[in-house]
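Take a look at the letters that make up each chain.
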Amino acid sequence: MKIVFATNNQNKLSEIRQILGDSFEVLSLKDIGCDVDIPETGATLEANALIKAQYVYDHYHIDCFADDTGLEVDALGGAPGVYSARYAGGEGHDSEANMTKLLNELGENNNRKARFRTVITLIQQGQVHEFEGIVNGQIIRERRGGEGFGYDPIFQPDGYDQTFAELGLDIKNHISHRARATAKLADFVLKNKE
């Protein structure tokens, strides 16, 4: 079964492919000839995921899903949230600058509680479905680990004494926010397969 994941982010693409395994052939935007950088103009993760999925469905008439993920830090009132990828400003997704800004904003604050939240919007035969995955944890005070991407070196999930970047992709891809949302997506699509 083929399904399009509305992304050109290679990290996300390989993560999703690994999580979904052989149940689906996951195509990227590039695979369907879409080289548009779909603007994420929504004020929420839900809105951005819908914008991306709707664009692909409207222009390519193919079942697809899109995600948006945010890191929500309690002491920062839920920031960076929907702005996680571009938190430090500037063009593109500068993970190092984003982590530096986040650590500086938190400073010596002892409330380090945070959560990663992924929202996936699936459009299948014109019907819109939404799936959410959350993993709670905390922001540590310095970067640790070399795997993963984004905020992984400073996010330590509850129940673990290592960051996502230290745990390695096999463990991360079983317990992450994206894994949880993707599992709900896969479960839904497999149950509704014709």
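Residues numbered from 1 in each chain as written. Predicted model: local features only at pLDDT ≥ 70, side-chain atom pairs only at ≥ 80, totals over all residues. Heavy atoms only, no water.

So, the pattern of salt bridges
Then comes step 1: Counted under the stated rule, the structure contains 16 salt bridges.
Then comes step 2: Between Arg143 and Glu96 there is a salt bridge whose closest N-O contact spans 3.0 Å. One end of the pair, Arg143, is in the loop between β6 (127-139) and β7 (155-157); the other, Glu96, is in helix α3 (residues 95-106), and 47 residues separate them in sequence.
Then comes step 3: Residue classification places Arg143 among the partly exposed positions, given a relative accessible area of 34%.
Then comes step 4: In this structure Glu96 comes out as partly exposed when scored by relative accessible area, which is 47%.
Then comes step 5: One salt bridge connects Asp187 with Lys191, and the closest N-O pair in it is separated by 3.1 Å. One end of the pair, Asp187, and the other, Lys191, are both in helix α6 (residues 177-191), four residues apart, so they sit about a helical turn from each other.
Then comes step 6: What makes Asp187 partly exposed here is its relative accessible area of 41%.
Then comes step 7: Here the residues in one salt-bridge network are Lys12, Glu15, Asp67, Asp152, Lys172 and Arg178, joined through shared partners. (Salt bridge = Lys/Arg side-chain N within 4 Å of Asp/Glu carboxyl O. Helix = DSSP H or I, 4+ residues; strand = E, 2+ residues; numbered from the N terminus. Buried < 20%, exposed > 50% of the residue type's maximum accessible area, 1.4 Å probe, protein only.)

Digging into α6
Then comes step 1: The end-to-end C-alpha distance of α6, which contains 15 residues, comes to 22 Å, matching closely the 21 Å that a straight helix rising 1.5 Å per residue would cover.
Then comes step 2: Elements that come into contact with the buried residues of α6 comprise α1 (10-20), β3 (64-73), β5 (113-124), β6, α4 (164-167) and α5 (169-175).
Then comes step 3: Where α6 begins, the capping side chain belongs to Ser176, and its oxygen is found 3.3 Å from the backbone nitrogen of Arg178. (Expected span 1.5 Å × (residues − 1). Contact = heavy atoms within 4.5 Å. Polar contact = N/O pair within 3.5 Å; in protein donor to acceptor, adjacent residues only side chain to side chain.)

Looking at the nonpolar core
Then comes step 1: Leu71, Val73, Leu102, Ile139, Tyr151, Ile154 and Phe155 are the most contacted members of the largest nonpolar core, which has 19 residues in total.
Then comes step 2: Residue assignment for this core shows that the elements contributing at least two residues are β3, α3, β5, β6 and α4.
Then comes step 3: It is α3 that contributes the most residues to this core, four residues altogether.
Then comes step 4: Those residues in contact with Ile139 that sit more than four places away from it in its chain are Leu71, Val73, Leu102, Leu103, Leu106, Arg112, Ala114, Ile154 and Phe155. (Core = buried A, V, L, I, M, F, W, Y, C linked by side-chain atoms within 4.5 Å.)

Here's the deal with the environment of Val73
Then comes step 1: Considering the arrangement of structural elements, one finds Val73 in strand β3.
Then comes step 2: Considered as a pair, Val73 and Ile175 are 102 residues apart in the sequence and their alpha carbons are 19 Å apart.
Then comes step 3: Sequence-distant contacts of Val73, that is, excluding residues within four places in its chain, are made with Gly78, Ala79, Pro80, Leu102, Leu106, Lys113, Ala114 and Ile139.

What to know about unusual backbone geometry
Then comes step 1: In the segment running from Ala79 into Pro80, the intervening peptide bond is cis, with an omega of 0 degrees.
Then comes step 2: Along the chain, Pro80 falls in strand β4 (residues 80-81).
Then comes step 3: Although it is not a glycine, His61 sits at a positive phi angle of roughly 50 degrees.
Then comes step 4: Phi at Gln125 takes a positive value of approximately 50 degrees, unusual for a residue other than glycine.
Then comes step 5: Residue position: Gln125 is located in the loop between β5 and β6.

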